[in-house]
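Descriptive analysis of the structure
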Amino acid sequence: MKEIIVANNLVKTFKSKERKGLFKSNIKIIKALDKVSFKIYQGEIFSLVGPNGAGKTTTIKILSTLLIPDEGEAFVNGFDVLKQPNKVRESIGLILAPDKGFYVRLTGIENLVYYGRLYGLSKSEALKRAEKLVEIVNLGKDAYRTVDEYSLGMKAKLSIAKALIHDPPILFLDEPTVGLDPLSARRIRMLITELAKEGKTILLTSHNMWEVETLSDRVAVINKGNIVAIGSSIELKEKLGLKYIIEVEILNNEVKEYETTLGERGNPVIKITTDKPSEKLMSLIEELKEKKYNLGYIRIIEPSMEEVFAKIVEEK
Amino acid sequence: MKRYINQFLAIFSVEMKDLMRQAGQFGFIIFLPFLFSFFTFGIGAGISGSTPSLEIWFYQIIGFTVLTISLIFAESSAGYVREGLLTGRLEYLLASPTHPLIIVIATALFNSIFALSIFFIVGMIATIIVYGVLKILNFILSIFILTLFLLPMLGINLIIAALTIIAKEPAGIVQPINSIIIATSGFVYPITLLPLFLQSLGRSLPFHYAVENVRMTIIEFINLLYLYPLPLLLLYFIAGIVIYRLLEDNFIRKRGTYGW
């Protein structure tokens, strides 16, 4: 697979003022990124997750040429972010905050045409593309209303359309569903999945671990400016040795051989923790059948990305 | 080239549309020079006990118009930067393949047209009231003169915008500078009434020359001799572009003043 985004040992520090009363202040150096390296392959949805202030947005801003790193190098679509910034900018569609970046007295369409023209489209080309995109993001007639009348969900849709106006091969989406209601968030997620199917490479950040797990091919966990884990969600769970939980409900029987808890329907439920859920489940069912137990529901609970995240971040 | 023209037109046209949807604000700005000039004219009449000539009112209204334009011009780019940062528009603009000079030129042209249209409306009405159609040609020439002086004003405008990037809030930068501009430029009184150090300060800025040349062109005619400071004042324009680019790069892209 072709490497489409490469970050090598990115370092970025910021100076921050610590106020100590009315006149006194100390300059504090904050290392936002400390030798961050990763690769993203073509057509992949790659998520960057981490606590607030971990360095996610800094990474996106460096890759989108908005910030200059102190050290290290990065390539986007084969172009150097420091030496060929305009080529990088042409290759990416960007969402930094789904509700920002618009002229609120202008309509959605007018905003899209504006951004299209910034990327070199003529007015008619930009308008044509904008009209197509508002249909794709399901904004419809609302696109002809001024943005100050938009809900957060509508702004998020418009943000996606804005990022796609010049049909870039790469999308950087920094928390695209933050603050959205479940339905709007679901629509945005569906859109992201469709875009990935079309072959676009997506770098996503989100605090919604379920969303990250559902959407991403690979996930990198960043904490205090360091990438502390990277891989598919399954790989990360295996690496951390997180266990699956098997639940089997027993109907009309008293269970003596196994430890049970009381289930939702008042029946005993056998709970077993394992790292090999299918093998363990098969053997358990065999055993229970032999012992003539009547089985109710059977459930395998996967360890969640939230557990992965918590374990990695808390350990570090 | 086509790409640059498109980018230029994109920035210019959205700023224009945004302004057109705040027509009330534009009307209010046009009303201000009339308000202040009638006010000072009335006070003058009250103190002297006689009605001054309309030429005195004309002196005042042209002064107040150029003052209004100067104040708007001083802070427009600072406001653009601040609003751009608050609304996130500036980040998206800087993340697009748009050359920074195109951004500067497009916003400068928009600001210039905005300023000139205020001057055109107020100045035309005032000229016709005082001189009838006799001085219309002079008035049109004065627009040209004002346009020339907008270039050094633009330089100051960009320096203020650059300082706003560091200070984050435009008010702390713009208000002291505006006070100096108002006090030392002789918009509504002759600069010679001021103490020498304030006169020198006023003469080192383009605003005094702008208002004097504009008034003189309408009342008498264009006098190239009085345009002598213009080449030197254009250094403000060059300095403005250089300082803005340096500070934008250093504070927005290198230091990341606006968070991470």
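Basis of the calculations
Sequence order as written defines residue numbering, which begins from 1 separately in each chain. Here chains are named by letter from A upward and ligands by number from 1 upward, in the order in which they appear as written. In view of the model being predicted, local features appear only for residues whose pLDDT reaches at least 70, and side-chain atom pairs are presented and counted only at 80 or more, with totals across whole chains, interfaces and linings using the full set of residues. To get the side-chain values, all heavy atoms of the structure are used, and hydrogens and water are removed first. Secondary structure elements are defined from DSSP: runs of H or I of at least 4 residues count as helices, runs of E of at least 2 residues count as strands, and each element is numbered from the N terminus. In this scheme, a residue with accessible area under 20% of its type's maximum is buried, one over 50% is exposed, and one in between is partly exposed, where area comes from a 1.4 Å probe on protein chains only. Pairs of residues are marked as contacts when any of their non-hydrogen atoms sit within 4.5 Å. Values of accessible area rely on a 1.4 Å probe in the Shrake-Rupley scheme; residue burial ignores everything except the protein chains shown. Think of it this way: Lys and Arg go in the positive column, Asp and Glu in the negative one, and His and the chain ends go nowhere. To locate a charge, take atom NZ for lysine, CZ for arginine, CG for aspartate or CD for glutamate. We compute the radius of gyration over the C-alpha atoms and compare it with the globule rule, which gives 2.2 Å times the number of residues raised to the power 0.38. At least two bridges found by DSSP between two strands is the condition for calling them paired. In this analysis, axes come from line fits to C-alpha atoms, helices being fitted only over the stretch in contact, and the angle between any two N-to-C directions falls in the range 0 to 180 degrees.

Focus: the overall build of chain A
Each helix and strand in chain A was counted, giving 10 helices and 14 strands. Residue burial in chain A is summarised as follows: out of 316 residues, 52% are buried. For chain A, the share of sequence-separated contacts (at least 6 apart) that also reach a separation of at least 24 residues comes to 69%. Entry remark: accessible area of chain A is about 15300 Å², with carbon and sulfur atoms responsible for 49%. Considering chain A, the positive charge centre built from 49 side chains and the negative charge centre built from 44 side chains are found 6 Å apart.

Topic: the overall build of chain B
Looking only at helices and strands, one finds 10 helices and 0 strands in chain B. Taking 18 Å as the expected radius of gyration for a compact globule of 260 residues, we find that chain B reaches 19 Å, a close match to that expectation. Structurally, chain B occupies a C-alpha span of about 65 × 40 × 35 Å along its principal axes. Counted over contacts in chain B with a minimum sequence separation of 6, partners at least 24 positions apart contribute 79%. For chain B, the exposed surface amounts to about 11500 Å²; the carbon and sulfur share of it is 75%. In chain B, the 14 positive side-chain charges and the 11 negative ones have mean positions that sit 8 Å from each other.

Brief notes about the sheet that holds strand β8 (residues 201–205) of chain A
All names here are of chain A. An order of β6-β7-β8-β3-β9-β10 is seen for the 6 strands of this open sheet, with the pairing classed as mixed. Two strands in the sheet have a free side with no partner beyond their single neighbour: β6 (92–95) and β10 (226–231). Shown here is a sheet whose adjacent strand axes are inclined to one another by a mean of 15°, direction ignored. With respect to the sheet, helix α5 (residues 152–164) is in contact with β6 and β7 (170–174), its orientation differing from that of β6 by roughly 160°. Of the strands in this sheet, β3 (45–49), β9 (218–223) and β10 are in contact with helix α10 (residues 305–315), which crosses β9 at around 35°.

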